[in-house]
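Close look at the chain arrangement
Below, each chain spelled out in residue letters.
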Amino acid sequence: MTEPLTGIHHVTAIASDPQRNVDFYAGVLGMRLVKQTVNFDDPGTYHFYYGNALGHPGTILTFFPWPGARRGRRGAGQIGATAFSVPVASLGFWRERLTASGVDAAVETRFGQDLLTFTDPDGLALELAGDPGAESIPGWDGGPVAAQHAIRGVHSVTLWEANADLTDETLRGALGFTAADQAGERTRYHILDSDLDSDLDSDSNSAIRAAIGTRVDVLHLPGTAPAMGGAGTIHHVAWRTGNRDQQQAWQARISARGLHVTDILDRQYFASIYFREPGGVLFEIATDPPGFTLDETPDALGTALKLPPWYESQRTVIERALPPIRLSGREGARG
Ligand code: ZN
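Thresholds, definitions, all that
- Residues numbered from 1 in each chain as written.
- Predicted model: local features only at pLDDT ≥ 70, side-chain atom pairs only at ≥ 80, totals over all residues.
- Heavy atoms only, no water.
- Salt bridge = Lys/Arg side-chain N within 4 Å of Asp/Glu carboxyl O.
- Helix = DSSP H or I, 4+ residues; strand = E, 2+ residues; numbered from the N terminus.
- Buried < 20%, exposed > 50% of the residue type's maximum accessible area, 1.4 Å probe, protein only.
- Pairing = 2+ DSSP bridges.
- Axes fitted to C-alpha atoms, helices over the stretch in contact; angles between N-to-C directions.
- Contact = heavy atoms within 4.5 Å.
- Core = buried A, V, L, I, M, F, W, Y, C linked by side-chain atoms within 4.5 Å.
- Donors = N, O, S within 2.8 Å, 3.2 Å for Na, K, Ca; no water.
- Phe/Tyr/Trp six-rings, centres within 6.5 Å; stacked < 30°, edge-to-face > 60°.
- Polar contact = N/O pair within 3.5 Å; in protein donor to acceptor, adjacent residues only side chain to side chain.

So, about the pattern of salt bridges. Scanning the model with the defined rule gives 13 salt bridges in all. Put simply, aspartate 168 and arginine 172 hold a salt bridge, and the shortest N to O gap is 2.7 Å. With a gap of four residues between them, aspartate 168 and arginine 172 both fall in helix α3 (residues 164-174), about one helical turn apart. Given a relative accessible area of 18%, aspartate 168 falls into the buried group. Note that arginine 315 and glutamate 319 form a salt bridge whose closest N and O atoms lie 2.8 Å from each other.

Hydrogen bonding along the main chain pairs the strands of a sheet, whether they run parallel or antiparallel. Taken in spatial order, the eight strands of this open sheet run β6-β7-β8-β5-β9-β12-β11-β10, and their pairing is mixed. Only two strands of the sheet have a single neighbouring strand rather than two, namely β6 (106-110) and β10 (178-183). Across this sheet, the average inter-strand angle for adjacent strands is 30°, counted without regard to direction. For strand β11 (residues 186-190) and strand β12 (residues 215-220), the ladder comprises five bridges, and the chain directions are antiparallel. By the bridge assignment for β12, threonine 187 is matched with valine 218. The sheet strands contacting α3 are β9 (153-161), β10, β11 and β12, and the helix crosses β12 at an angle near 165°.

One finds Tyr25, Leu29, Phe118 and Trp239 to be the most contacted residues of the largest nonpolar core, which totals 67 residues. When residues in this core are grouped by element, the largest group, five residues, is from helix α1 (residues 18-28). Residues contacting tyrosine 25, with those up to four places away along its chain left out, are Gly30, Met31, Tyr50, Leu61, Phe63, Asp120, Leu124 and Leu126. Grouped together as the second largest cluster of nonpolar side chains are nine residues, Ile60, Tyr269, Ala286 and Phe292 included.

A few words now on the coordination of the zinc ion. The coordination sphere of the zinc ion contains the protein donors His10 (NE2), His236 (NE2) and Glu284 (OE), at a distance range of 1.9 to 2.0 Å. Sequence positions of the donors to the zinc ion reduce to the motif H-x225-H-x47-E. Taken together, the residues histidine 236 in strand β13 (residues 233-241) and glutamate 284 in strand β16 (residues 282-287) connect sequence positions 48 residues apart. We classify glutamate 284 as buried; its relative accessible area is 1%.

In this structure the tally under the stated criterion is 17 aromatic pairs. Among the aromatic side chains, those forming a connected cluster through ring pairs are Phe24, Tyr25, Tyr46, Phe48, Tyr50 and Phe63.

Glancing now at the pairing of β12. β12 sits mainly inside the fold: five of its six residues count as buried. Here β9 pairs with β12 via six bridges, running parallel. Residue tryptophan 160 lies in a different strand from β12, and its bridge partner there is leucine 219.

Regular strands show a simple pattern: their side chains alternate between the two faces of the sheet. The buried count for β13 comes to eight of nine residues, which makes it a mostly enclosed element. Of the pairings in the sheet, the one linking strand β1 (residues 8-15) to β13 comprises six bridges and is antiparallel in character. Across the sheet, residue isoleucine 14 finds its bridge partner in β13, namely threonine 233. Both β13 and β16 contribute to a ladder of five bridges, which runs parallel. Bridge pairing links tryptophan 239 to isoleucine 285 in β16.

What follows is about unusual backbone geometry. Trans peptide bonds make up most of the peptide bonds, and negative phi angles are found at most residues other than glycine. For the peptide bond that leads from proline 289 to proline 290, omega is 0°, which places it in the cis range. Mapped onto the secondary structure, proline 290 falls in the loop between β16 and α7 (309-312). Look at phenylalanine 111: it is not a glycine, yet its phi comes out positive at around 45°. Non-glycine residue glutamine 268 carries a positive phi angle of around 70°. Looking at the element boundaries, glutamine 268 is found in the loop between β14 (265-266) and β15 (271-276).

Before going further, it helps to spend a moment on the sheet that holds β15. Read from one edge to the other, the open sheet built from eight strands follows the order β2-β3-β4-β1-β13-β16-β15-β14, with strand pairing classed as mixed. Looking at strand neighbours, the two that pair on one side only are β2 (32-39) and β14, the edges of this open sheet. Contacting β13, β14, β15 and β16, helix α6 (residues 244-256) runs over the sheet at an angle of about 15° to β15.

Attention now goes to the side chain of arginine 186. Mapped onto the elements, arginine 186 comes out in strand β11. Owing to a relative accessible area of 12%, arginine 186 belongs among the buried residues under this scheme. Reaching out from arginine 186, the side chain makes a polar contact with the side chain of threonine 158 at a distance of 3.0 Å. A distance of 2.9 Å separates the side chain of arginine 186 from the side chain of aspartate 217, its partner in a polar contact.

Here we take up α1. In terms of burial, α1 is largely enclosed, as nine of its 11 residues are buried. The complete set of buried residues in α1 reads Pro18, Gln19, Asn21, Val22, Phe24, Tyr25, Ala26, Gly27 and Val28. Contact partners of the buried residues in α1: β1, β3 (42-51), β4 (60-65), α2 (91-100), β7 (113-119) and β8 (125-130). In the segment just after α1, glycine 30 is the residue with positive phi, at about 65°.

What follows is the structure, encoded as structure tokens:
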């Protein structure tokens, strides 16, 4: 028996210039860079993880920044947008902050919530949703954005699908999500009933578990050209599971549905399996433990290049190949 997936673990995207990426996410958006490491499949490239104070699952957006990378194209079989939760009362603050940073934001209402839509410097589609659930979640108080306004975590992702039927079958049948709402071509799925979820976890993370990363939207776009990967596009979304035993059960369950799923891979801060849903979007299932404090203290998160043990012997060569970055976002004026 597989335990339910408990939400979005992280979203991973592709960027071009690493410094510009840090300046935007740690600076303009005020997220915490919780880990600087390398792409474990390509150690000549950085892997940046941004999140809340400790990089709790559900708050994480990660990037592979490839200097000079060609821009991709949004399209079918891809995640078209990532939304983050902020308090409803903070939307005005965010609109002003984005405008002051030269970022054009449009306002939209979706399933009763107002959101700002905009793009990052590589053209990646982002959204800030005014979410009543965000207010009960603490914001990081060490960044350039005051804790009251800080991004709390991932609100939802939107899958772009040319044919939504098989994706619907995977989300509901294989992964156990619930179709909860529909408006036009957009269907919203809930990953887990939040009341049930908060019963599972009584620690201080329970509010985060209940409100963050528990929604997935599918946008049905028949006739849309397939996506092309590249800078400014999402690479994959990862769903949360509690431990490796549960992950193994998920691996068997997905395989039994005829989908090709990878072996369990050690990502140092979590363990991962990957598979493509029928529409083409790459899914991952990642374990909550051990998390980002595995190799750095909470205070020091993200301040130094960390390598997994199997790359430590190549540190000199790896460091020489990576462009140095500055964490100037941390000293920015508080909003
Ligand atoms: Zn991932």
